[in-house]
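# Geometric and topological summary
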Amino acid sequence: MRKPKFQVPTGMHDILPKDQPYFDKVYDVVSKIVDSYGFSKIVPPVLEQAELFSKGIGLATDIVEKEMYTLKTKGGNVLAMRPEFTAGIVRAYIEHGMFNQPQPLKLFSFGPVFRAERPQAGRYRQFHQFDLEVFGEASPAVDAQIMQICYNILQELKIKDVIIEINSIGDSQCRPYYKKLLVNYLRSHQTALCADCKRRLRKNPLRILDCKEEKCQRVKASAPQIIDHLCQECNNHFKEVLEFLDALDLPYRLNPCLVRGLDYYTKTVFEIFKEGPAGESQVALLGGGRLDNLVRLLGGKETPVCGVAGGVERIVGLMKAKKIKLPVIAPAQIFLAQIGISAKRKSLGLFEDFRKAGIKVVESFGRDSLKAQLGRAQKLGVKYTLILGQKEVIEGTVIIRDMEKGRQKSIKLDRLVREIKRKLKT
Ligand code: AMP
């Protein structure tokens, strides 16, 4: 087959009708669960000022440095297609004075995000995230509860054997000191780092802890760990988060190398993975943490925030790989066949009557021969076909054909919907 002239852009994908039920299921589960925890939905626009992300996420992060889709408006503004939800939600929180509402304020969103990443398995340039943010509550209980919500969502979607990897990256009190220690250590091992990490050493040294290159893994194995250098407040916070996780019986593992790479995180950072056989490369399903500086950084009042983002494509990928069954949408049981123009006109109205009565009907307005229409009805496996010809229109009747028994009977049009309802019930 010849390649079509137009194809989906690299790294992007169509969600075909056969896959849509998975996305709908994730949305249903997320929205139902977060509703029970008191979250309200917010939908920020896809485009934001690019500066919102460079300021919030950080200039020296991969997302801002190389992955943002930006465009210049005719008026000279630089906008970016959101690479994540958090910064936009925080912008909206400040802009609409939501800090005046009772706190904690819990917001969630769901939709596409865009990152010009190198496409590979589980990594797209347009993908979907759900995002939860809790504003105005500094307690470590919130960090744990967000992880509990994520865990519940995955359980409800039948994704078992998940593990939370967790770390604390401190705050503006203790992180600068740790950063210095780390940089000193890494400088003395600079030649053993990959090219990217040599660059990161100047711009974003914490990110080196995240690097998956084998040579960097060897260097970081003996690097100082932030956990040993947290200030009292961060240390207490982290300890309490872990105690809450224990109390909730959530599966977690400390990962001293988890840094999440973005500037806005403080204290808790975590990612949730599906546990696989040892050695199998893992991709994160969800990632989040505390962002206590972000509201102030974006021009608002000091407000603690804790949030998480989940990757919908990755969750759907697992659901499909696990052959997780979804409720099948019941197919239509009624086929509406028509012969002649006046019958076709009448059929359109009848179709509406059935729709209002909540009965699914299929039709084939493009076919005029009864044989072809009955053939299609047979293929679809409907229970009854309604046949409407010139004679029926004049008499105000319609023929109901029982497809299994091959029997037909005529019935008055004004009794049709009621009769079909009765037949479908029995
Ligand atoms: P992040 O904030 O980058 O950790 O993203 C949160 C979640 O979104 C991740 O845990 C992934 O499940 C998902 N995700 C991130 N980047 C991509 C991508 N390029 N393609 C598909 N899913 C992604």
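Thresholds applied
Residues numbered from 1 in each chain as written. Predicted model: local features only at pLDDT ≥ 70, side-chain atom pairs only at ≥ 80, totals over all residues. Heavy atoms only, no water. Helix = DSSP H or I, 4+ residues; strand = E, 2+ residues; numbered from the N terminus. Buried < 20%, exposed > 50% of the residue type's maximum accessible area, 1.4 Å probe, protein only. Pairing = 2+ DSSP bridges. Axes fitted to C-alpha atoms, helices over the stretch in contact; angles between N-to-C directions. Contact = heavy atoms within 4.5 Å. Near = heavy atom within 4 Å. Polar contact = N/O pair within 3.5 Å; in protein donor to acceptor, adjacent residues only side chain to side chain. Areas by Shrake-Rupley, 256 points an atom, 1.4 Å probe, with all protein chains shown as cover. Patch = residues over 30% accessible without salt bridge, like charges linked within 9 Å, V, L, I, M, F, W, Y side chains within 5 Å. Salt bridge = Lys/Arg side-chain N within 4 Å of Asp/Glu carboxyl O. Lys, Arg positive; Asp, Glu negative; His and termini not counted. Charge placed at Lys NZ, Arg CZ, Asp CG, Glu CD. Parallel < 35°, antiparallel > 145°, perpendicular 65-115°, else oblique. Left-handed = near helix turned anticlockwise from the far one by under 90°. Nonpolar A, V, L, I, M, F, W, Y, C, P; charged D, E, K, R; others polar. Core = buried A, V, L, I, M, F, W, Y, C linked by side-chain atoms within 4.5 Å. Expected span 1.5 Å × (residues − 1).

## Considerations on the environment of A192
With respect to the helices, strands and loops of the structure, A192 is situated in the loop between helix 6 (175-187) and helix 7 (195-203). Relative accessible area serves as the criterion here: at 32%, A192 is assigned to the partly exposed category. Sequence separation between A192 and C216 is 24 residues; the distance between their C-alpha atoms is 7.0 Å.

## Observations concerning the sheet that holds strand 15 (residues 397-402)
Strands sit in the order 13-12-14-15-16 across an open sheet of five strands; the sheet is mixed. What marks the edges here is a single partner per strand, and that holds for strand 13 (361-363) and strand 16 (408-412). Geometrically, the sheet is characterised by an average inter-axis angle of 30° between neighbouring strands, direction not taken into account. Bridge analysis of strand 12 (residues 334-338) against strand 14 (residues 384-388) gives five bridges, and the strand direction is parallel. By the bridge assignment for strand 14, I334 is matched with Y384. Each of strand 12, strand 13, strand 14 and strand 15 touches helix 13 (residues 370-380); the most contacted strand, strand 12, lies at about 170° to it.

## Some words on the environment of V417
Relative to the helices and strands, V417 is located in helix 15 (residues 416-425). C-alpha separation for the pair V417 and R202, spaced 215 residues apart in sequence, amounts to 73 Å. What V417 contacts, discounting residues up to four positions off in sequence, is D353, F354, A357 and I359.

## Description of the site of the ligand
Residues in close proximity to the ligand total 15 residues, the closest being R115, E117, Y124, R260 and L285. Within the side chain of E117, one N or O atom sits 2.7 Å away from a nitrogen atom of the ligand. In the environment of the ligand, an oxygen atom lies 3.4 Å from a nitrogen or oxygen atom belonging to the backbone of L286. In isolation the ligand offers 470 Å² of accessible surface; the protein chains occlude 91% of this area. For the shell around the ligand, the elements supplying multiple residues, two or more each, are strand 6 (126-135), strand 10 (284-290) and strand 11 (305-311). Top element by residues in the shell around the ligand is strand 10. It accounts for four residues.

## Description of the side chain of S109
If you trace the backbone, S109 turns up in strand 5 (residues 105-114). Separated by 2.6 Å, the side chain of S109 and the backbone oxygen of I42 make a polar contact.

## Observations concerning a negative patch on the surface
Taken together, the side chains of E240, E243, D246 and D249 present a region of like negative charge at the surface. Given a relative accessible area of 48%, E243 falls into the partly exposed group.

## Quick look at the side chain of E117
With respect to the element layout, E117 can be found in the loop between strand 5 and strand 6. Look at E117 and you get buried, because its relative accessible area is 11%. Side-chain polar atoms of E117 contact the side chain of R123, separated by 2.8 Å. Non-local contacts of E117, meaning those with residues more than four positions away in its chain, are made with E67, R123 and R125.

## Description of the packing of helix 1 (residues 20-36) against helix 5 (residues 140-156)
At a minimum axis distance of 10 Å, the contact between helix 1 and helix 5 shows a crossing angle of 140°. Judged by the angle between their axes, helix 1 and helix 5 are oblique. Crossing angle aside, the handedness with which helix 1 passes helix 5 is right-handed. In contact with V29, V30, I33 and V34 of helix 1, helix 5 contributes I149, N152, I153 and E156. Looking at the contact of helix 1 with helix 5 residue by residue, the classes come out as six nonpolar, one polar and one charged.

## Some points on the nonpolar core
Counting 100 residues, the largest nonpolar core has V26, F130, F135, I159, I315 and M319 as the members making the most contacts within it. If one sorts the elements of this core by residue count, helix 5 sits on top with eight residues. Counting residues in hydrophobic clusters, the runner-up holds 17 residues, among them L336, Y384, I400 and V417.

## Some remarks on the sheet that holds strand 2 (residues 47-49)
Read from one edge of the open sheet, three strands run 2-4-3, paired in antiparallel fashion. The two strands at the open ends of the sheet, each matched to only one other strand, are strand 2 and strand 3 (70-72). Averaged over all neighbouring strand pairs, the angle between strand axes comes to 35°, with direction disregarded. Two strands pair when backbone bridges link them, and strand 3 and strand 4 (residues 78-81) are joined in this way by three bridges, in the antiparallel orientation. Its bridge partner lying in strand 4, T70 is registered against A80.

## Side note on helix 12 (residues 341-356)
An ideal rise of 1.5 Å per residue puts 22 Å on 16 residues; helix 12 measures up with 23 Å between its terminal C-alpha atoms. Taken residue by residue, helix 12 has S342, A343, S347, L350 and F354 as its buried positions. In the stretch just after helix 12, G358 is the one whose phi turns positive, near 80°.

## A look at the pattern of salt bridges
As enumerated under the stated definition, the model contains 22 salt bridges in all. In this structure, D196 engages R199 in a salt bridge whose closest nitrogen and oxygen atoms are separated by 3.5 Å. Taken together, the residues D196 and R199, both in helix 7 and three residues apart, mark about one turn of the helix. You can call D196 partly exposed: its relative accessible area is 34%. Residue R199 is classed as partly exposed on the basis of its relative accessible area of 26%.

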